[in-house]
Each structure stands twice: as structure tokens, then as C-alpha cells.
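Now for the letters of each chain:
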Amino acid sequence: MKIRVRFAPSPTGFLHIGGARTALFNWLYARHHEGTFILRIEDTDAARNTAEAVNVVLNSLRWLGLVWDEGPLTADATGSFKGDCGPYFQSQRRKDYERRVEALLSRGLAYESEGAIKFKMRREPVVIDDLVVGQVRRELTDREMQDPDFVLVRSDGQPVFHLCNVVDDLDMGVTHVIRGEDHLSNTAKHIALFQAFEVPPPRYAHIPLILNQDGSKMSKRDAGASLTPYMDEGYVPEAILNYLCLLGWSPKDNRELMPLDEIVERFDLPQVLRHNARFDMEKLKWMNYEYSRTLSPDRFHELAVHALARAGIDTNSFPLPYVKAALDTCVGKVKLFSDLPAYAGFYFNPDPAIDPAAAQKDFVPENRPRLARLREAFAALTAFDPDTIGNTLAATARELGVKTGVLVHPTRLACTGRTVGPSLYHLLAVLGKERVLQRLDQAIARIG
RNA sequence: GACCCUAUGGUCUAGCGGUUAGGACACCACCCUUUCACGGUGGUAGCACGGGUUCGAUUCCCGUUAGGGUCGCCA
């Protein structure tokens, strides 16, 4: 049997991090079993669904690299799509739902009530054989004891989620439904509907939810809940995927940093955990760092330039080799690309602001002649590479009878304005003799 | 209120009757070092509680508690 899974988001204007993980699990399952990954847009709540909102979903999935085998090609509900089961927007499948409702009506399995059409739900408990949770016997709640029937079509003619979801899964030949555990209780309704349509339901796999750090439910407003900020702040998509796959799934052998290929190879439902996981931004950052430091130079450069541009630093006005050399000194030094403007801004700002606290410590009178001496030693240099710079600084320190650190700190501050940054000798070499001399002069004048 | 799921350090997790309870993030100390970061070494910290079953429970069963989910003419 060829496996067919789907990710069926409702376009709300953002992709929830939990939704991203649901998409990932479906995608991984499809890839692992060489099945088909379907993207279906559940836009039945017409009023609040816009093309822009759909675009957010499409772009987010594309950014993550979760390519769908079937589904829309554009955010336009009436636009083109790939796959044989389209259209993949629920708003375009009204006739299918109506036909199914007619069938139910004619067989006495649904009835009209106050303008709406309701499904005659069975009064007995439903057994759900879940691939993750195991066998669940879903008893009726006290409210359902009174009236277990539920609405299929609203009085305004709009079909509701439970109906659309089931009909689409049926018509699209979905074999496995991998979704958040928040749907587990509803699954009884879905199974009853499949039975009413006289077809076996798909296999269900309800995956645990992602909670906030404090254990509360993660909603759209919570920090980190939407994927968009990660895209904006220059996170590495592979890092997000790697982190997300470890929330609720475990390879069982302590492996954490894993290339996507390995995850695809190893991912399967039996290793999916049953308990909810809390979202840990710190660990995500660490993992993102691990990925960003091993990025190809071109990828690193691209993400770095993007981050700088977002902070208003236009690297285009500098020679490309200079920009590349500058960025090379930052590899492995910052956790987030969004830290880069503060970290490497001095390369692109002719007059970087000096950290006042550091100035108080390093720009003291006794350092004035020392910096002046170093400035002259640098001025006399014909080569200006890291080794030469380092040797010259060390030699000057010896002449002065001080440790190298005594020169290192004020020099760094003079040239970058900060106490932290890339390797000093490399940074000075990139900056070039002219800029270095100029900034040293400014610092010396400032001390005076 | 009813129903469903869950419970190993602060967080993600390994464990599937007998372990000095392992790994990772975070944190602390030390080392390395031109700052920071990396790296290295060491450390703090955990089986929610109460009953069973068993020679023996983190592990199996029941209960309690706690957290999460669902019971919509939202999805």
C-alpha cells in the first residue's frame, strides 16, 4: 500500500510552530516510507481566509524545505495545483461535501434541525486504534449523553470542519492521519463518519503537543509560537527542522545533531513519544548555532548579509572581498544572525560608537603613549596580515614592558568600539592599515 | 461538570524488574586563550505522591495529585 499523508492547515495568517512540526512529521513519514505528502488548505471559514494568509503557509513550508507532492501551487484558491485529487482548497470542494451529505440524508444518517444538518452520531463509545497513543476507548461525555449528534452543515449552508476533513481524507485516499493530540477526542466523530460512508477509516497517529516553557498552551501570541520571526531573524531552516523533530520523537540513541537525510531514514511512528513537550528557545538557539557555524561560506554570507541589511547596514557599498573577509571572521562567533549587526557593524561603520564603560577602563591616560607607540609600529608595517600584526603587537608590548593584553584591549576598543568581537589580529587585517591607523588616532585624541 | 491523553534533573530525552539512573541544552568551577565564542575537565540537579504485584520496582497494576486536550452552526 502506498502511503498518503497530508498536512491540512487552516490559513490563519501565520504558521504555528506546532503546525510546522505536524507538517514535518507528516513529511518525514511520507519520505521515510516513500509515500505521498499532500498539502490541503482548510479554508472553510471563508471570511477570515485570505490569499496572503495562504501565502504565509506556502512560504513557510517552502522555507523549511517541506516540499509537497500534491497540493496548491499558488495562494489562489482557484489557482493551479499539482496532484490528481484537487482542488486542494476546501472552499473549492463544496460539491463533494454536498453530495456526501445528500447520501447521508437519503440513508437516514443525517437530518435537518433548525436549518442546519446534523449527523446521527452513534450512542456507543468509539474505539480508536491510534498508532501513537494506542487503543483508546472514547466514552461519551455528559453533554454527548444528552445529544451526541453534531452539525455537518451550518444553517447558512457552510459545511463544517468534521465533515470536510473526513470527506477530503476519503476522497484524497489519505491512509494515515498524523495530527496534533488536540484532535484525539474528535476522532470518534471522524471514525463514525467514515463508517457512515461505509469505508474503513485511515490509520490515526496523534502526536503530542508543543507547550510553552511554563507548560501552558502555546498560542499565537506566545514567544516563538510563529515561524515567521525565525525566518526574519535568519535562523537556519535545517536547524529548526532538527530541533522540532526532537520534540516528541526520539532516535533512542542520544543522537541530536542529525542531517535531514538521517532523520528521514530513522523517523517512524513507533518512536513518537506520548507526552507533550515544552519549547526551549535556548536549545533551539544552540542548535541553530551549531548549524550556522558549519554552513557553506556562501550560505553563511547570504544569511549574514540579509541580517545586516535588516539592521540597516548596506554591505553593497563595500567591495565584495572586504565583506566576505569581514564575515569570515564572524563564523562560529555569534549564536544568531540577528546578533551580527551589533557584532560586526564596526566593519561597515566608519565611526563606531565606543562602549562608555569599556572606555572608562581602557582609555586611561597611561594607555595613551602605549597606543601611540603601537600606532607607529603599525604605521611602519608594509605587510598587514594577522601574523604580522600579532607579532608587531607582541613586540611592542615587550618594548613597553607590559603584557600583550594591555595593548589588546584598548586596541580592540579603539577599532571596534566594543570589548567583544572577532579575533583581534584578523579583524585588524580585514579593516586594513588605513582604517586601523585612523581609529587609533581617534582613540588617542580621545584619551588626550 | 463529563470524557480522553500524559507524568525521569529547570528543559528535551535514554531506560522497557536488579543500572554508581545515561546523553543534550542551560547553569557553576577550572583549563586553554589576543576579547568573546569554541574546545577540554569536573560539578550542581531527576524517577510527582500513595497503595499494591514481586525476592526486588523508575520500569507492571490501581488510586491521588498535577499538566494538557476535547465536549461549537471554530478549525
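Numbering of residues starts from 1 in each chain and follows the order in which that chain's sequence is written. Ligands are numbered from 1 and chains lettered from A, in the order in which they are written. Owing to the predicted nature of the model, reporting of local features is limited to residues with pLDDT of at least 70; listing and counting of side-chain atom pairs is limited to 80 or more, with chain, interface and lining totals taken over all residues. No hydrogens and no water enter the side-chain calculation; it runs on all heavy atoms of the structure.

(A) Expanded view of the domain arrangement of chain A. Per the domain assignment, the segments making up chain A are domain 1 (4-86 + 210-286), domain 2 (93-207), domain 3 (295-348) and domain 4 (356-447). Where a domain begins and ends is set by an automatic assignment or by a domain database. If you average the C-alpha positions of domain 1 and of domain 4, the two centres end up 49 Å apart.

(B) Looking closely at the layout of surface pockets. The calculated volume of the largest pocket comes to roughly 1,100 Å³. Using a 1 Å grid laid over the protein atoms alone, points where a 1.4 Å probe fits but cannot get out form a cavity; open sets with protein on both sides within 12 Å along at least 5 of 7 lines form a pocket; any residue with an atom within 4 Å of a point counts as lining. If you trace the largest pocket, you find 39 residues lining it, with Pro9, Ser10, His16, Asp182 and His183 closest to the centre. Within the residue set of the lining of the largest pocket, elements represented by two or more residues are strand E1 (4-7), helix H1 (17-32), helix H5 (161-171), strand E10 (176-180) and strand E12 (210-211). As a working rule, the residues Ala, Val, Leu, Ile, Met, Phe, Trp, Tyr, Cys and Pro are called nonpolar, Asp, Glu, Lys and Arg charged, and the rest polar, with Gly in that last group. For the lining of the largest pocket, a count of residues per class yields 15 nonpolar, 13 polar and 11 charged. Residue contributions to the lining of the largest pocket reach at least three from each of two domains, namely domain 1 (4-86 + 210-286) and domain 2 (93-207). Grid points are joined across faces, edges and corners, and a volume is the space filled by probe spheres set on the points. In this structure, the second largest pocket encloses a volume near 190 Å³. For the second largest pocket, the lining is made up of 13 residues, of which Leu246, Leu247, Trp249, Glu256 and Lys283 are closest to its centre. When the residues that make up the lining of the second largest pocket are grouped by side-chain class, the tally is six nonpolar, two polar and five charged. Secondary structure elements are taken from DSSP: a helix is a run of H or I of four residues or more, a strand is a run of E of two residues or more, and numbering for both begins at the N terminus.

(C) Main features of the pairing of strand E8 (residues 134-138). Sheet topology places strand E7 (residues 126-130) next to E8; five bridges connect them, and they run antiparallel. Bridge pairing in E8 links Asp130 to Gly134. Any two strands with at least two DSSP bridges between them are considered paired. Linking E7 to E8, which pair antiparallel, is a turn of three residues.

(D) Just the protein's contact with RNA strand B, in detail. By convention in this text, a residue qualifies as near a molecule or strand provided that one of its non-hydrogen atoms is within 4 Å of it. In the vicinity of RNA strand B there are 67 residues, among which Arg154, Lys217, Glu256, Lys333 and Gly421 approach most closely. Of everything in RNA strand B that lies within 4 Å of the protein, sugar and phosphate atoms constitute 71%. Here a polar contact is taken to be a pair of N or O atoms separated by no more than 3.5 Å, where protein atoms must pair a possible hydrogen donor with a possible acceptor and residues adjacent in sequence count only if both atoms sit in side chains. Contact distances for RNA strand B include 2.9 Å between a sugar or linking oxygen and a side-chain N or O atom of Glu181. Between RNA strand B and Arg293 there is a distance of 2.7 Å, counted from a sugar or linking oxygen to a side-chain nitrogen or oxygen. Those elements giving two or more residues to the surface near RNA strand B turn out to be E8, helix H4 (142-146), H5, strand E13 (277-278), helix H10 (281-292), helix H17 (404-416) and helix H18 (424-431). Broken down by element, the surface near RNA strand B gets its largest block of residues, four residues, from H10. Considering only residue class, the surface near RNA strand B consists of 21 nonpolar, 21 polar and 25 charged.

(E) Up close: the sheet that holds strand E6 (residues 116-119). Spatially, the three strands line up as an open sheet ordered E5-E6-E9, and their pairing is antiparallel. The open sheet is flanked by strand E5 (110-113) and strand E9 (150-153), the only strands paired with a single partner. Averaged over all pairs of adjacent strands, the angle between strand axes in this sheet comes to 45°, irrespective of strand direction. Where E5 lies against E6, four bridges are found, and the strand directions are antiparallel. Across the sheet, the residue bridging to Tyr111 is Lys118, located in E6. Axis definition: a line fitted to C-alpha atoms, limited for helices to the stretch in contact. Angles are taken between N-to-C directions and run from 0 to 180 degrees.

(F) Representation of empty space enclosed by the protein. Under the counting rule described, the total for this entry stands at two cavities of 30 Å³ or more. Taken together, Met121, Glu124, Pro125, Val126, Arg138, Glu139, Leu140, Glu144, Pro148, Ser185, Ala188 and Lys189 make up the lining of the largest cavity. When the residues that make up the lining of the largest cavity are grouped by side-chain class, the tally is six nonpolar, one polar and five charged. Lining the second largest cavity, in full, are Tyr289, Ser292, Arg293, Phe300, Cys330, Gly332, Lys333, Val334, Leu336 and Phe337. The class makeup of the residues in the lining of the second largest cavity is six nonpolar, two polar and two charged.

(G) Broad picture of the packing of aromatic side chains. Centre distance within 6.5 Å is the pairing criterion for rings of Phe, Tyr and Trp, where only the six-membered ring of Trp is used; planes under 30 degrees apart are then read as stacked, over 60 as edge-to-face, and the remainder as tilted. Tallied over the entire structure, the rule returns 14 aromatic pairs. Seen from their ring centres, Tyr230 and Tyr235 are 5.0 Å apart, and the 85° between their planes marks the pair as edge-to-face. Taken as a pair, Tyr230 and Tyr235 share a single burial class, namely buried. An aromatic cluster is defined as three or more aromatic residues linked by ring pairs; in this entry it consists of Phe318, Tyr322, Phe346, Tyr347 and Phe348. One cation-aromatic arrangement involves Lys335 over Tyr289; the distance from NZ or CZ to the ring centre is 4.9 Å. Whether a charge sits over a ring depends on NZ of Lys or CZ of Arg being within 6 Å of the ring centre and within 35 degrees of the ring normal. The side chain of Arg435 reaches across the aromatic face of Tyr322, ending 4.5 Å from its centre. Under the scheme applied here, a residue whose accessible area is under 20% of the maximum for its type counts as buried, over 50% as exposed, and between as partly exposed, the area being computed with a 1.4 Å probe on protein chains only.

(H) The pattern of salt bridges, seen in detail. Throughout this description, the term salt bridge denotes a Lys or Arg side-chain nitrogen within 4 Å of a carboxyl oxygen of Asp or Glu. Counted by the stated rule, this structure contains 29 salt bridges. Among the salt bridges present, the one from Arg31 reaches Asp69, with a minimum N-O distance of 3.2 Å. Linking Arg31 in helix H1 with Asp69 in the loop between helix H2 (51-64) and strand E3 (71-72), this pair joins segments that are 38 residues apart in sequence. Arg31 sits in the partly exposed class, given a relative accessible area of 26%. The salt bridge partner of Arg266 is Glu262, with a shortest N-O separation of 3.0 Å. Of this pair, Arg266 and Glu262 both sit in helix H9 (residues 260-266), separated by four residues, roughly a single helical turn.

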